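This is what each chain is made of:
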Amino acid sequence: MDPSVIKYEPDLALYGRDNGLEFYENIVKVVDNYLSDQGTLYMEFGFKQKNAINQIFCDNLPNYVVEFHKDMSGNYRYLKAKKEM
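Only a predicted model underlies this, so the values are computations on that prediction, with no experimental measurement involved.

## A short note on the packing of helix 4 (residues 22–34) against helix 5 (residues 50–60)
- Interaxial distance between helix 4 and helix 5 falls to 10 Å at its minimum, and their mutual angle equals 25°. The orientation of helix 4 with respect to helix 5, classified from their angle, is roughly parallel. Note on packing geometry: the crossing formed by helix 4 with helix 5 is right-handed. Contact residues: Y24, E25 and V28 in helix 4; I53, I56, F57 and N60 in helix 5.

## What about the pairing of strand 3 (residues 76–83)?
- Strand direction decides the pairing type here: strand 1 (residues 40–44) and strand 3, joined by five bridges, are antiparallel. Bridge pairing links L41 to A81 in strand 3.
- Relative to strand 3, strand 2 (residues 64–70) is paired through seven bridges, and the arrangement is antiparallel. Paired with K70 across the bridge in strand 3 is Y76.
- Here strand 2 hands over to strand 3 after five residues, with G74 in that stretch at a positive phi of 90°.

Conventions we followed
Residues numbered from 1 in each chain as written. Predicted model: local features only at pLDDT ≥ 70, side-chain atom pairs only at ≥ 80, totals over all residues. Heavy atoms only, no water. Axes fitted to C-alpha atoms, helices over the stretch in contact; angles between N-to-C directions. Helix = DSSP H or I, 4+ residues; strand = E, 2+ residues; numbered from the N terminus. Parallel < 35°, antiparallel > 145°, perpendicular 65-115°, else oblique. Left-handed = near helix turned anticlockwise from the far one by under 90°. Contact = heavy atoms within 4.5 Å. Pairing = 2+ DSSP bridges.

This is the structure in C-alpha coordinates:
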(Lines give C-alpha, C1' and ligand atoms only; values in the text may rest on other atoms or scores of the structure.)
Protein backbone atom coordinates (compact mmCIF):
# COMPACT_ATOMS: atom_id res chain seq x y z
CA MET A 1 0.00 0.00 0.00
CA ASP A 2 1.26 3.46 -0.85
CA PRO A 3 2.74 5.25 2.20
CA SER A 4 0.59 8.33 1.55
CA VAL A 5 -2.54 6.20 1.88
CA ILE A 6 -1.37 4.74 5.17
CA LYS A 7 -0.44 8.19 6.47
CA TYR A 8 -3.78 9.88 5.74
CA GLU A 9 -6.45 7.16 5.90
CA PRO A 10 -7.76 5.79 9.21
CA ASP A 11 -6.79 2.24 10.13
CA LEU A 12 -10.46 1.22 10.09
CA ALA A 13 -10.65 2.15 6.41
CA LEU A 14 -7.53 0.19 5.54
CA TYR A 15 -7.58 -2.88 7.74
CA GLY A 16 -11.24 -3.90 8.09
CA ARG A 17 -12.17 -7.48 8.90
CA ASP A 18 -13.39 -9.92 6.27
CA ASN A 19 -11.07 -8.49 3.59
CA GLY A 20 -12.45 -5.01 4.22
CA LEU A 21 -16.05 -6.08 3.68
CA GLU A 22 -17.24 -5.93 7.31
CA PHE A 23 -18.20 -2.26 6.94
CA TYR A 24 -20.50 -3.02 3.98
CA GLU A 25 -22.05 -6.02 5.71
CA ASN A 26 -22.88 -3.80 8.70
CA ILE A 27 -24.34 -1.03 6.53
CA VAL A 28 -26.75 -3.31 4.64
CA LYS A 29 -28.09 -4.64 7.94
CA VAL A 30 -29.27 -1.18 9.06
CA VAL A 31 -29.74 0.88 5.90
CA ASP A 32 -33.53 0.45 5.91
CA ASN A 33 -33.62 2.11 9.35
CA TYR A 34 -32.07 5.29 7.97
CA LEU A 35 -32.95 5.55 4.29
CA SER A 36 -36.38 6.78 3.26
CA ASP A 37 -38.33 4.97 0.54
CA GLN A 38 -37.21 7.65 -1.93
CA GLY A 39 -33.65 7.81 -0.58
CA THR A 40 -30.50 6.77 -2.37
CA LEU A 41 -27.38 5.21 -0.89
CA TYR A 42 -23.99 5.99 -2.42
CA MET A 43 -20.92 4.05 -1.33
CA GLU A 44 -17.29 3.99 -2.38
CA PHE A 45 -15.35 0.72 -2.27
CA GLY A 46 -12.01 -0.78 -3.22
CA PHE A 47 -11.44 -1.34 -6.93
CA LYS A 48 -11.29 -5.13 -6.50
CA GLN A 49 -14.40 -5.40 -4.30
CA LYS A 50 -17.26 -5.00 -6.80
CA ASN A 51 -18.25 -8.67 -6.99
CA ALA A 52 -18.14 -9.19 -3.23
CA ILE A 53 -20.12 -6.00 -2.57
CA ASN A 54 -22.69 -7.00 -5.18
CA GLN A 55 -23.10 -10.36 -3.44
CA ILE A 56 -23.58 -8.67 -0.06
CA PHE A 57 -26.37 -6.50 -1.50
CA CYS A 58 -28.02 -9.42 -3.32
CA ASP A 59 -27.96 -11.57 -0.18
CA ASN A 60 -29.22 -8.89 2.20
CA LEU A 61 -31.19 -6.31 0.20
CA PRO A 62 -32.91 -8.09 -2.68
CA ASN A 63 -35.45 -5.24 -2.91
CA TYR A 64 -32.72 -2.75 -3.89
CA VAL A 65 -31.52 -1.86 -7.36
CA VAL A 66 -27.74 -1.46 -7.29
CA GLU A 67 -25.79 0.31 -10.01
CA PHE A 68 -22.00 0.17 -10.09
CA HIS A 69 -20.00 3.06 -11.55
CA LYS A 70 -16.41 3.43 -12.68
CA ASP A 71 -13.88 6.03 -11.64
CA MET A 72 -11.78 8.03 -14.10
CA SER A 73 -9.30 5.13 -14.33
CA GLY A 74 -12.00 2.75 -15.51
CA ASN A 75 -12.28 0.81 -12.24
CA TYR A 76 -15.59 0.13 -10.52
CA ARG A 77 -15.30 2.25 -7.37
CA TYR A 78 -18.73 3.35 -6.19
CA LEU A 79 -22.32 2.27 -6.17
CA LYS A 80 -25.77 3.79 -6.15
CA ALA A 81 -28.51 1.78 -4.43
CA LYS A 82 -32.25 2.49 -4.27
CA LYS A 83 -35.26 0.54 -3.11
CA GLU A 84 -37.39 -0.88 -5.90
CA MET A 85 -40.82 0.73 -5.85
